[in-house]
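Descriptive structure summary
Chain residues, written in single-letter form:
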Amino acid sequence: MQQQRKHLGEFEIVVLLAALRLGESEAYAVSIVDEIHDTASRVVQRAAVYVALRRLEDKGMVTTRLGDPAPERGGKARRLVKVEPAGLKALRSSYGSMRRMAAGLETLLEVEV
Amino acid sequence: MRRLFLLAVPRDRREDVEGDLEELHGRDRERHGRSVAAVLMVGHLLATTFAFLWTRLLDAFGGMSRWSLVDLRLAGRLAVREPLLHATSLFALASAIALATVGYTMVDAATRGRLPLEGGERFLVVEATDREGAERQSAELRAALARDSSTLEYVGAVAGGASNLALPQGVVRSVRHAAITPTSWRLLGATNVYGRGLQPADGVGGAAPVAVLRENLWKSLFDEPWPRADRQVQIAGVAHEIVGVVPDEVGFPLGGDLWTALDETSLRGAGPGLARPTLFAVRREESSLSEVLTELDVFAPSLSEVAPGEPALILTARRFTEPPGGVGPLGTVMIGCLVLLLLVVSANVAQLILARSAARAEELRMRHVLGASRLRLVLQLSLEVALLGACAASLGTAAAFALLRQLDAVLTERPFWLDLSGRPATALFAVALFLVSTIVCGVLPALRATSGARVRKRSSERWHAFLSVGQMAVSMALLSGALVLARSYTGLIGGNLDLPRDRVLTAQLYHSAPETLAGDGEFLLSVKRALEEIPGVEVATVASHLPRVDAPLARVEVDGASASVPRAAVGPGFFEALGTRPLSGRFFDRRDGSDEAARIAIVNEPFARRYFGGQAVGRTLREVDGEGEVGAPLEIVGVVPDLGLSAASSEKAAGYYVPLVGEPRFVSLAVRAAGTPLALEEPVRRRLVELDPLLQVRRVQLLERVADEEIAFQAGFAATLTLLGLSVLVLSLCGVYSVMSMAVSRRRREIGVRRALGAGPWRVLRTVGARSAWHVLLGGLGGLALGSALLQVQDRLLVTRLPVGESWILPAVLCLFVGSGVLAGLGPALAALRLRPTEALRDS
């Protein structure tokens, strides 16, 4: 078993956040790519999302399961992603670190939510 | 593509990833249309495949440190268990790398050589011809190109050939001579050993003739060190002053012993012994050859203004080191042979590695079932094969470099720019090529063993069969050729001709105006008379061909029968110079005037025996010309012993002699000495230069050394063919061995069952060896046909007539072949015979 990392990579954070936003029933590779594109205006490679999900799964931060087959997918199922408590914990940790690091720099960073 | 995708994406992820791709494809189709969507799909597929492949490779190598030592230990144990197969694979791979490196270096040097001068790759030969193809190079053209071209930075001229160099004290040498425009001298980058090089002032009309010598020639001519008081020499009859000496490395344009100056304005001054000046140019660094060619195309029509009244010119240029007319048919054949050989060798190596890995198919399948991933198995096999390849690469590269060094030392008469030293880049290329092919061949069985699909054996077996038979045929043909050459070689060195030893000095005569030699025979008679005036000369004579040099074949009719036999034209005193006596009749003599000479002939003893039963004097033969016209009868006035009209084959020596009257453009000289013949060299050269300064004497040697060059060539050629033939033979025997080994390992269970049911040794041998035996037999028959064809081609290509009529050669090679095939199959056959039914059935 590989040792779990405390901190997530920037791309992993983005993927986890997209999965959380989409919810357990709608999060899969294609929709995660779309969500990142629509929300963060960032174009990411789908292949990179596969790799990131695989790593997160290996670390126990997400679990995946096959959904129902869909006709627009040639009768193939989606692999739906669920963020696990370990993933949420790591996300909170990373987000907290980032906030602490950014504290006092709001003006400089011009954070807009 | 699909296979790669399936290999990269883990089995449990295939469905959803394929679903994602399908979904994206549907979207793309709606947005962009069917065609664009298809293209985008390829991109999605590639990106997904490589992403998964990369991740899996990283994962695999992350854990490599744990298992690489285990795998290495396993590879070592396997090598010890199958030493013959591993040693054979190592040898085959090393030979392949060595052959590829040597072959590629030679072809590359011959076709893409570079002048060893600064900017040598930019040197070009400029060719100018008219519409009829006649050369039209001129001083005006050079001046126009130098003035107007924007792609050429310099245009010069050079003429090469051979000339007589005579010292005041009487020493005469025939030397390689180059006349060059003096402004070109700076391009050679030569640092003079003594004195100076050519200077622009040397090329001004009316300048005193000067020469620059190569250091070797200087040392051989002058005992005293530079500067000498008297450096005047005669070159082709013209007095020149030696103004400098350059190192031996200087060789432009075609290797040379001395350089003189061409007139810069008129390009005159090349001397009578040299070819017409050729224009050469150096293109600008920023211009490519195609730009030069384009400019020359545009430039050619404007030349009519430069030289009004001259026919329209066609201008073209080629790299200086590129042979005129490209690689030529012989070069194409060489490259074709090399490619063929490499294909055979590569396929053999592939087959051996395949056999090695295929023998482990069961083990790989078992490990896969026990949980080893495909990638892990593939990486393990790659590691093993890469190790094998690395050992073979070291051996092969070392062998190639050693061979190239030998060739570099032996092939001295080659253009000075032809660099035969092994280049690391070439070796790396060969090594990389074979490593990739061996890794691919090594991992294929692992992929097959773990794919779960049934392997289609038939096509691969057909391929193996085709390969084995083909290479055996090639090997047999090469060995036949080598044996014929070896036979010819023994004929050359071991001939029992009755020729004098250490009595006769021979040489070749050249004249700058060849028609002088081909006149009415008076000039050659004056040569004979002049030489016989030298003290110590007993008899001097001239002939079209000396003994032990193949005389050309002539068609004759004898008693109504037609035959092609060797014919030589000889001057008065030829047979006397060789110290021979007529077996019957008489020799040619001064009584045979030119009218008489046209009607008489002397035949040798083999001819008299074959066509006249030994009684030839008084009989006649008729010559048949190229159009089939039968000439007047030639009366046979004498019979002489076999004096080597055919160099290597006494069976083909039956021929005849006619008087030498106005025929040849080049003749040979033979001088019978009262004392030591080599002491006559200088007096002969001196006397002939006095007779005519343009008459050159080359290749001065004793009569018994005349065939040495041909002997060396044939020995080299035979050795090369033998080496190639044996290499291919060993590789094809490796093929036989690997096919039989595979058959034994694949059919282990079947052999066990057969033995258990009472099959005898012959039955078992037939099971495993029938296919290999067929391969050997078919390869042998193919080799017979290919060998016969090769012998015919070889006979036409070589100067010396070969003893191709010897019918024992091909069957002998066939026997050697079959015997070797049996030996190669012996190991696997014995393994099959030793197999106990209980072991075979238990293992399976």
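Our subject is the structure listed above.
Quick look at the structure, then. (Residues numbered from 1 in each chain as written. Chains lettered and ligands numbered in written order. Predicted model: local features only at pLDDT ≥ 70, side-chain atom pairs only at ≥ 80, totals over all residues. Heavy atoms only, no water.)

**Some thoughts on the overall build of chain A**
Note the following rule: Each helix corresponds to a stretch of at least 4 residues labelled H or I by DSSP, and each strand to a stretch of at least 2 residues labelled E; elements are numbered beginning at the N terminus. Burial here depends on accessible area, computed with a 1.4 Å probe over protein chains only, as a share of the maximum for the residue type. Under 20% is buried, over 50% is exposed, and the range in between is partly exposed. When checking whether two residues touch, look at their non-hydrogen atoms; a contact exists if any pair is within 4.5 Å. In short, Shrake-Rupley with a 1.4 Å probe defines the accessible areas, and a residue's cover is counted only from the protein chains shown.
If you tally the helices and strands in chain A, you get five helices and two strands. The N-to-C order of helical and strand elements in chain A reads α-α-α-β-β-α-α. In chain A, buried positions account for 39% of the 113 residues. Here the analysis covers contacts within chain A between residues at least 6 apart in sequence; of these, 51% occur between residues at least 24 apart. Total accessible area on chain A is roughly 7200 Å²; 54% of this is exposed by carbon and sulfur atoms.

**Brief notes about the nonpolar core**
Which entries qualify depends on this criterion: We call a set of buried residues a nonpolar core when its members are Ala, Val, Leu, Ile, Met, Phe, Trp, Tyr or Cys and they connect through side-chain atoms within 4.5 Å of each other.
Formed by 41 residues in total, the largest nonpolar core has its most connected members in Leu 509, Leu 531, Val 603, Leu 621, Tyr 656, Leu 669 and Leu 688 of chain B. When neighbours within four sequence positions are excluded, Leu 669 of chain B is seen to be in contact with Leu 505, Thr 506, Ala 507, Leu 509, Val 527, Leu 531, Thr 541, Val 542, Leu 546, Val 684 and Leu 688 of chain B. Formed by 32 residues, the second largest nonpolar core is a distinct cluster that contains Ile 32, Val 44 and Leu 56 of chain A together with Ala 8 of chain B.

**Examining the interface of chain A and chain B**
What counts here: Buried area is understood as the total, over both parts, of accessible area removed when two parts are fitted together, assessed with a 1.4 Å probe. By definition here, a salt bridge exists when the distance from a side-chain nitrogen of Lys or Arg to a carboxyl oxygen of Asp or Glu is within 4 Å.
Contact with chain A, which involves 19 residues of that partner, is made by 20 residues of chain B. Of the roughly 1800 Å² buried where chain A meets chain B, counting both sides, 51% is carbon and sulfur surface. The largest share of the area that chain A buries against chain B comes from Arg 46, Tyr 50 and Arg 54 of chain A, three residues that together contribute 30% of it. Scanning the region where chain A abuts chain B turns up six salt bridges. Where Arg 73 of chain A meets Asp 20 of chain B, a salt bridge forms, and the shortest distance between an N and an O atom there is 2.8 Å. Looking at the side of chain A that touches chain B, the elements that each hand over two or more residues are helix H2 (29-40), helix H3 (46-58), strand S1 (62-70) and strand S2 (76-83) of chain A. Take the side of chain A that touches chain B: its biggest share by element is six residues, from H3 of chain A.

**Topic: the pattern of salt bridges**
Within the structure shown, the criterion is met by 31 salt bridges over all chains. The partner of Glu 23 of chain B in a salt bridge is Arg 73 of chain A, with the nearest N and O atoms 2.6 Å apart. Of this pair, Glu 23 of chain B sits in helix H2 (residues 14-32) while Arg 73 of chain A sits in the loop between S1 and S2, placing the two residues on different chains. The residues Glu 23 of chain B and Arg 73 of chain A share a single accessibility class, namely buried. Via salt bridges that share partners, Asp 34 and Arg 73 of chain A together with Asp 20, Glu 23 and Arg 27 of chain B belong to a single interconnected network.

**Observations regarding the side chain of Ser 668 of chain B**
Residue and element names in this part refer to chain B. Along the chain, Ser 668 falls in strand S20 (residues 667-673). Residue classification places Ser 668 among the buried positions, given a relative accessible area of 8%. Apart from residues no more than four positions distant in its own chain, Ser 668 is found in contact with Ala 507, Gln 508, Thr 541, Val 542, Ala 543, Ser 544 and Leu 546.

**A few points about a nonpolar patch on the surface**
This is how it is decided: Residues with no salt bridge and a relative accessible area higher than 30% make up the patches, which join like charges within 9 Å and nonpolar side chains (Val, Leu, Ile, Met, Phe, Trp, Tyr) within 5 Å.
Together, Val 818, Val 822, Leu 823, Leu 826 and Leu 830 of chain B line one region of the surface with nonpolar side chains, adding up to about 430 Å² of accessible area. Residue classification places Leu 826 of chain B among the partly exposed residues on the basis of a relative accessible area of 40%.

**Concerning the side chain of Asp 16 of chain B**
Let me state the cut-off plainly: Distance and chemistry together define a polar contact, namely a pair of N or O atoms within 3.5 Å, with one atom able to donate a hydrogen and the other to accept it when in protein, and with adjacent residues in sequence counting only for side-chain atoms on both sides.
Checked against the element boundaries, Asp 16 of chain B lands in helix H2. Judged by its relative accessible area of 3%, Asp 16 of chain B falls in the buried class. Only 3.1 Å separates the side chain of Asp 16 of chain B from the side chain of Arg 79 of chain A, close enough to count as a polar contact. With near-sequence residues (within four places) excluded, Asp 16 of chain B lies in contact with Leu 66, Arg 73, Ala 77, Arg 78 and Arg 79 of chain A.

**Side note on empty space enclosed by the protein**
Under the convention used in this document: Throughout, the protein atoms alone are placed on a 1 Å grid, and a set of points is a cavity if a 1.4 Å probe fits but cannot get out or a pocket if it is open with protein on both sides within 12 Å along at least five of seven lines; lining residues have an atom within 4 Å of a point. Grid points are joined across faces, edges and corners, and a volume is the space filled by probe spheres set on the points.
Summed over all chains, the structure comprises three cavities of 30 Å³ or more. Each pocket or cavity is described by its volume, and for the largest cavity that value is around 80 Å³. Considering the residues around the largest cavity, the lining is formed by Tyr 28, Ala 29, Tyr 50, Leu 53, Thr 64, Arg 79 and Val 81 of chain A together with Arg 13, Asp 16, Asp 20 and Phe 52 of chain B. Counting residues per element, the ones that place at least two in the lining of the largest cavity are H3 and S2 of chain A together with H2 of chain B.

**Some words on the packing of aromatic side chains**
Residues and elements named next belong to chain B. Selection rule: Here a Phe, Tyr or Trp ring, Trp counted by its six-membered ring, pairs with any other such ring whose centre lies within 6.5 Å, and the pair is stacked when the planes are under 30 degrees apart, edge-to-face when over 60, and tilted otherwise.
All chains considered together, the criterion is met by 15 aromatic pairs over all chains. Aromatic side chains Trp 185 and Trp 259 sit 5.9 Å apart centroid to centroid with 80° between the ring planes, which places their arrangement in the edge-to-face category. Taken together, the positions of Trp 185 in the loop between strand S3 (172-180) and strand S4 (194-195) and Trp 259 in strand S8 (residues 258-261) put the pair 74 residues apart, joining distant regions of the chain. Considered together, Trp 185 and Trp 259 belong to a single accessibility category, that of buried residues.

**A few points about unusual backbone geometry**
With a phi angle near 50°, Ser 41 of chain A is a residue other than glycine that sits in the positive phi range. Along the chain, the position of Ser 41 of chain A falls in the loop between H2 and H3.

**Some remarks on the environment of Gly 389 of chain B**
Locating Gly 389 of chain B in the fold gives a position in helix H11 (residues 374-410). The spatial distance from the C-alpha of Gly 389 of chain B to the C-alpha of Leu 93 of chain B is 7.1 Å, given a sequence separation of 296 residues.

**Observations regarding a negative patch on the surface**
Test applied: The convention is simple: Lys and Arg are positive, Asp and Glu are negative, and His and the chain ends are not counted. Charge positions come from single atoms, namely NZ of Lys, CZ of Arg, CG of Asp or CD of Glu.
A cluster of acidic residues, Glu 118, Glu 285, Glu 286 and Glu 291 of chain B, forms a negative patch on the protein surface. Looking at the secondary structure, you find Glu 285 of chain B in the loop between strand S9 (278-283) and helix H8 (289-306).

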